[in-house]
Amino acid sequence: MKDTTTPWQPAGGRTQWAEPAWRERLYSLSLLPEAESGETLGRIAEDWRTADGRSLAAWPIPYIPLATFTGREAMEETLTRWMQRICRTLPRFDLRLAQPTLLPDGSLKMAVAETAPLQKLIDRLDVLETYIKSCGTGGVEWTRNPGCRIGRTATPQRRPQTHPAETAKILETIFPVHCLTLEKRTHAEDGSEKVYLCPLSP
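Worth saying up front: this structure is predicted, and the values here are computed from it rather than measured. Position numbers for residues start from 1 in each chain and track the written sequence from start to end. Per-residue local features are limited, in this predicted model, to residues with pLDDT of at least 70; the limit for side-chain atom pairs, both in listing and counting, is 80 or more; totals at the level of whole chains, interfaces and linings are taken over all residues. Side-chain numbers come from the whole structure's heavy atoms, not from hydrogens or water.

Turning next to the overall build of the protein chain. Helix numbers and strand numbers start at the N terminus; a helix is a DSSP run of H or I with at least 4 residues, a strand a run of E with at least 2. Across its full length, the protein chain carries five helices and nine strands. When the helices and strands of the protein chain are listed from N to C terminus, the series reads α-β-α-β-α-β-β-α-α-β-β-β-β-β. Sorting the 202 residues of the protein chain into buried and exposed places 41% on the buried side. Pairs at least 24 apart in sequence give 80% of the contacts found in the protein chain among residues at least 6 apart. Computed by Shrake-Rupley with a 1.4 Å probe, the accessible areas treat only the displayed protein chains as cover when residues are assessed. Carbon and sulfur atoms provide 50% of the accessible area of the protein chain, an area that totals close to 11700 Å². Only protein chains enter the accessibility calculation, which uses a 1.4 Å probe. A residue is then buried if its area is under 20% of the maximum for its type, exposed if over 50%, and partly exposed in between. Contacts were defined at the residue level, with two residues in contact if any of their heavy atoms lie within 4.5 Å.

Written out as C-alpha cells, the structure reads:
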C-alpha cells in the first residue's frame, strides 16, 4: 500500500528551512558527574595512563552518554519542557561504576555496576523519542550498555583490556546523578554546546 502521509514541515514553508532555528543539528543526552566525582574519575584515567604507558587522553569532563538524535533549535523549547517534567518526578541517585576497561574503539570506560536506577531514567525519556519522531528528524539512537567514558587512546585494540597493572585492585567509584544534560553540535567533529542542564528532584 502506498504511503500517502505528508512529510512534516514548518508552517513557513520552504523558506523557513533556511533559517538557523530550522537547520538540523546533532543532539545528545548525557549525565555529567559532580565536581568531586569528576576529579576522582580523572585520577583513575591518569592512573591508567601511568600504568599502561601508552598515550591516553582523559576526557576534560567524564560523562555517561545516553542517546543521540537529529533535531532543530526550534524543537529545543519543547524538549527542555519535557526534560523538566521528567526530571522533577525522579529523585537523584548514585551509580556504582566498576573497574575501567579499554575498549576496541580506544575509549576507556567504566561500566555501570547496577543498572536499574539508570534504566528507570531511560524508560521515562522514551516520551522524547515520540516527540522527536513527530518532528520528522528520525528517531533516537540509545546507547547500549551505558557506561562512564573517562579517557581515549588512538592505539587500536583487538579486544577489551582491563587495568594493565598485574596487581591492580578492583577500582570502583560512585557517580552521583544529579542532572540530565542536553548538548548539540553542527557537525560530528565539532565541540558540543550545552543547551540545557536539567536537575533531578533533590
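What follows picks up the thread again.
Tracing the backbone through its elements, the reader meets Thr173 in strand β7 (residues 173-177). Contacts of Thr173, omitting those with residues within four sequence positions, involve Thr40, Leu41, Ile44, Leu95, Arg96, Leu97 and Met110.

The element strand β6 (residues 147-152) is extensively covered by neighbouring structure, given that five of its six residues are classed as buried. Two elements, strand β2 (residues 57-72) and β6, share three bridges in a ladder whose sense is antiparallel. Bridge pairing in β6 places Ala57 opposite Arg152. Pairing between strands requires that DSSP locate at least two bridges from one strand to the other. Where strand β4 (residues 107-112) and β6 come together, five bridges link them in antiparallel fashion. Note on β6: the bridge partner recorded for Lys109 is Arg149.

Turning our eyes to something else, we now look at the packing of aromatic side chains. For this analysis, a ring pair means two rings from Phe, Tyr or Trp (six-membered ring only for Trp) whose centres lie within 6.5 Å, classed as stacked if their planes differ by under 30 degrees, edge-to-face if by over 60, and tilted for the remaining angles. Counted by the stated rule, this structure contains one aromatic pair. Centroid distance Tyr27 to Phe69: 5.5 Å. Interplanar angle 5 degrees. Geometry classified as stacked. Linking Tyr27 in strand β1 (residues 24-31) with Phe69 in strand β2, this pair joins segments that are 42 residues apart in sequence. By relative accessible area, Tyr27 is classed as buried at 2%. Two limits define a charge over a ring: the Lys NZ or Arg CZ must be within 6 Å of the ring centre, and within 35 degrees of the ring normal. Positioned above the aromatic ring of Trp82, the side-chain terminus of Arg85 is 4.7 Å from the ring centre.

This paragraph deals with the layout of surface pockets. The pocket and cavity definitions rest on a 1 Å grid over protein atoms only: a 1.4 Å probe that fits but cannot leave marks a cavity, an open set with protein on both sides within 12 Å along at least five of seven lines marks a pocket, and residues lining either have an atom within 4 Å of a point. Grid points are joined across faces, edges and corners, and a volume is the space filled by probe spheres set on the points. Taken as a whole, the largest pocket encloses approximately 760 Å³ of empty space. Lining the largest pocket are 27 residues, with Ser28, Tyr63, Pro65, Arg185 and Ser192 positioned closest to its centre. Among the secondary structure elements, those contributing two or more residues to the lining of the largest pocket are β1, β2, β5 (140-142) and β8 (179-185). In terms of residue count, the dominant contributor to the lining of the largest pocket is β2 (10 residues). Each residue belonging to the lining of the largest pocket can be placed in one class, and the counts come to 14 nonpolar, six polar and seven charged. In this model, the second largest pocket occupies a volume close to 190 Å³. Sorting the residues of the lining of the second largest pocket by element identifies β4 and α4 (116-124) as the ones contributing at least two each. Only Asp, Glu, Lys and Arg are considered charged in this grouping, and only Ala, Val, Leu, Ile, Met, Phe, Trp, Tyr, Cys and Pro are considered nonpolar; every other residue, Gly among them, is considered polar. By residue class, the composition of the lining of the second largest pocket is five nonpolar, four polar and one charged.

The backbone of Asn145 sits at a positive phi, close to 50 degrees, despite the residue not being glycine. In this fold, Asn145 is placed in the loop between β5 and β6. Taking relative accessible area as the criterion, Asn145 reaches 64% and is therefore assigned exposed.

Here we come to the environment of His178. Within the secondary structure, His178 sits in the loop between β7 and β8. Along the chain, His178 and Leu32 lie 146 residues apart, while their C-alpha atoms are 8.3 Å from each other. For His178, the contacting residues outside a window of four places in its chain are Glu34, Arg92, Cys198, Pro199 and Leu200. Any pair of nitrogen or oxygen atoms within 3.5 Å is treated as a polar contact; in protein, a donor-acceptor pairing is required on top of that, and neighbouring residues in sequence qualify only through side-chain atoms on both sides. Within the local environment of His178, its side chain forms a polar contact with the side chain of Glu34, the two groups lying 3.4 Å apart.

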